Every structure is written in C-alpha cells, then in structure tokens.
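# A structural walkthrough
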Amino acid sequence: MSNEKKSVSTICRSVEFGLRVIGVWPGTSCAILRRVCYLLSMAVFQTFQYQYLIIHFSESNIFLLMDVLSATLVYTLLFIKLIIIVFNVRLLDDIVAHVNEDWKKRDVSDEYVMNRMAYVSRWFSNLIISSHAISVLLYAAGTLLRHKSSNQTDARELLLKMELPFKIESTSVYFTILVTQFVHQVSAASILSVINCLLLSLVLHVCGQIDVMREKLCKITRSNIKQDENKSIAKMLIIRHQKIISFSNNIETLFSNIALVQFVSNTLVLCSLGFVIVTSIGVPGGLPMLVKSVFFYILVNVEAFVYCFLGEYLSTKSKTIGDAAYEALWYDLNPVQNRDILFIIVRSQKYLSLTIGKVANLSLKQFTNIVKASASYMSVLHAMY
C-alpha cells in the first residue's frame, strides 16, 4: 500500500518523461548533456528557418510567408521556453519537491481531493500531448498533399521551410531530411505540450491544496473537539496557507516570462494561421493548406485558452479561502483563536494569480484580447493581400 501511495502524483508520468528527455527533471542522469543537445538541435533548426524567412521576405507571396512564419514562431516559442526553464531549473526542483512532500504528508481526509486533482491532471495532460501529436501528423500530411497536388515535379517540398547549406540532389538525402524534420517536429510538439501540461498540473495541485484547506476550515468547530485542538488546527491552517502562497509564487516566478512569450507568440501565430485559412477557402488547391492549418489554429487557440483559464481558475480558487474561513463557526472560538482565523481572511484578500511578465494577470479577459488582436491583424493583412 505504501508503494502505491508513493507512485501517485499530480504530475503524470508522461510529463515527467518529457522533462527527463530535456534534462530538467530532478535526478535525471546526464542532465546537462541532455539540455545542451536539445537546445543545440533547436538552435540549428531555428537558424535554417530564419535564414529562409530572411531570404524570401522580399517576395510578393505573403501567403507563403505567413505559412512559414507561423511554424517558425512556434519553434521560437518552444526555444525561449526551454531557455527560461533551464535557467530556472533549481526553482523547478523546489516545486517538484514541494509536490512530492504534499503527497507524502497527506492524511486520509486529503485523499479524495488530491486523487481527484491527480486524475484530472493526468487526463488533460494526456489529451493535450495527444492533440499536439495529431497536429504534427496533419501538418505533415497537408504539406505532402500540397506538394503532390502541385505541378512542380522537380521541387522537393520540406515539412519545415528551411534554407539548408547544401542542395538536395538525391532521393535518399531528401527522404532522410523529411524523416529528421518529422521526428524533430514530433519531439518539439511533445515537449511544448509537456511544458503546458506542467503548468496545468502545478495549478491543479495548488487548487487541490486550497480545497483541502477549505474542508479543514469548515470542520474546525463542527465537532465537539477541545479548544486547544482548535487552536492547533488554526495554526496548522495558517502554516498550510503560507505554503500554498509560497508554492504559487514559485509557479508564478517560473511561468511569468513564459506566459509573456506565449501571449506575444500566440497573437502573431493566430494572425498568420488565420490569414492562411481565410485565403485558402474556396481556392483551387486550398484543401491541403486547410488540412495543414485548421487543427494547428485550433490547437494554438486552446493553448492560449489553457494559460488564461488556469490564471483565472487559480485566482477564483484563492478567493474562496477567505469565504471558507468566514463561514466557519469562528464565533464559538476564543479571541486568540479568532485572531488566527482573521489572519487567514485578511491574507486571502490578496488573491493568488499568474501574470504575463508581471504586467497583467492571466485571465479569460486576456484570452479575448488575444483573439481580438489576432483577428484585427489578420483582417488588415487580408485587406492588403
């Protein structure tokens, strides 16, 4: 039974495996080598992608430019996310250690809430990772269908537009490059989804701890327990509340700059993909581009929504701590115990939040701003095109 307890965590195995691959999970062997290798591979791909953009930027085919820009920006987003996490790897170690400590110290009354959050985290994490893999398959299928439907038989279409330092003259070299790009795309999409799932898991863990604290606040005087026990419970809840605040601040420190990059990147990517989709509708040969872009567009929207929803959910949950403390039978306690409850109420008025680079809070309102901004930019591009 103890072995089963230790194996449970809010962070699912697929997320842990992805973080081990890039060498940022605590206790990973050859961690530095893994980080360097993956960052170098990303840097090489980014170099070839931006070379292609710079060389073809002056061309009048804005349709092709937007298509290439959307894929390049997603890679850039992942590259910056990895750099931020690598520079904050010790903070990530502390966060994971905090999660493990909460699971080890849980009591019987905490089991249901924490297991429920762990189930939700595992379910959504696997769904997000699977959807990113499907997106890569559809993106590759759309690219190959577009190449097959075109009349340029001598042109060799790549899954990712790159300016390679050599010419592709043989079929074997072309096939090798296609396979390499596909594997790297699957890897990049998986790691990108793993980072998003990490934030999802951590926020759900915090919210689970908030629910546990609320339950303990509701039970603080409902049974006829002794006053000295009430006093110790109140102090224990203050300590638990402080741990929740500290844990939430660590998540905010780790993901604040990531959210800022996400906000800017998603706006530009949605603009580019929206333009590609709108211009592909009703055009001969537009079906491959729709296959390639529609699910990608939906996925980027969902990614932005997840970040904004998690910020909103955390803020809303943190406000309920003060409500639960006020609804407890505090009037049956003595003045010293009431003071402890008052501390919790006052502190909960400053609710927890996730920010976009310390500039604005992540919320559903920010998601609407992303969609409106990207739609505005897309309409301008469409009018110019």
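Looking up the protein in an unreviewed UniProt entry gives the name Odorant receptor, with the organism given as Cardiocondyla obscurior. On record in UniProt, under Sequence similarities (unreviewed entry), the comment for the protein is "Belongs to the insect chemoreceptor superfamily. Heteromeric odorant receptor channel (TC 1.A.69) family."

The terminal C-alpha atoms of helix α10 (residues 335-348), which comprises 14 residues, lie 20 Å apart, in line with the 20 Å expected from a rise of 1.5 Å per residue. Those residues of α10 that sit buried are Gln-337, Asp-340, Ile-341, Ile-344, Ile-345 and Ser-348. Within α10, the buried residues cover an arc of 140 degrees as seen down the axis, which keeps them to one side.

Evaluated as defined, the whole model comprises eleven salt bridges. Notably, a salt bridge pairs Asp-110 with Arg-240, separated by 3.9 Å at the nearest N-O pair. Of this pair, Asp-110 sits in the loop between α5 (89-104) and α6 (111-149) while Arg-240 sits in helix α8 (residues 227-280), placing them 130 residues apart in sequence. The class for Arg-240 is buried, based on a relative accessible area of 17%.

The nonpolar side chains of soluble globular proteins are, as a tendency, buried together. Leu-202, Leu-217 and Phe-255 are the most contacted members of the largest nonpolar core, which totals 94 residues. In terms of residue count, helix α7 (residues 171-218) provides more of this core than any other element does, 21 residues in total. Non-local contacts of Leu-202, meaning those with residues more than four positions away in its chain, are made with Ile-11, Ile-95, Val-99, Phe-247, Ile-251 and Phe-255.

What follows is about the environment of Ser-131. Mapping Ser-131 onto the fold places it in helix α6. Each C-alpha atom of the pair Ser-131 and Leu-299 lies 7.6 Å from the other, and the pair is 168 residues apart in sequence. In contact with Ser-131, other than residues within four places in its own chain, are Phe-295 and Leu-299. Within polar-contact distance, the side chain of Ser-131 engages the backbone oxygen of Ile-128 at 2.7 Å.

The rules behind each value
Residues numbered from 1 in each chain as written. Predicted model: local features only at pLDDT ≥ 70, side-chain atom pairs only at ≥ 80, totals over all residues. Heavy atoms only, no water. UniProt positions renumbered as here; feature names shortened; annotations may be inferred. Helix = DSSP H or I, 4+ residues; strand = E, 2+ residues; numbered from the N terminus. Expected span 1.5 Å × (residues − 1). Buried < 20%, exposed > 50% of the residue type's maximum accessible area, 1.4 Å probe, protein only. Arc of directions from axis to C-beta. Salt bridge = Lys/Arg side-chain N within 4 Å of Asp/Glu carboxyl O. Core = buried A, V, L, I, M, F, W, Y, C linked by side-chain atoms within 4.5 Å. Contact = heavy atoms within 4.5 Å. Polar contact = N/O pair within 3.5 Å; in protein donor to acceptor, adjacent residues only side chain to side chain.

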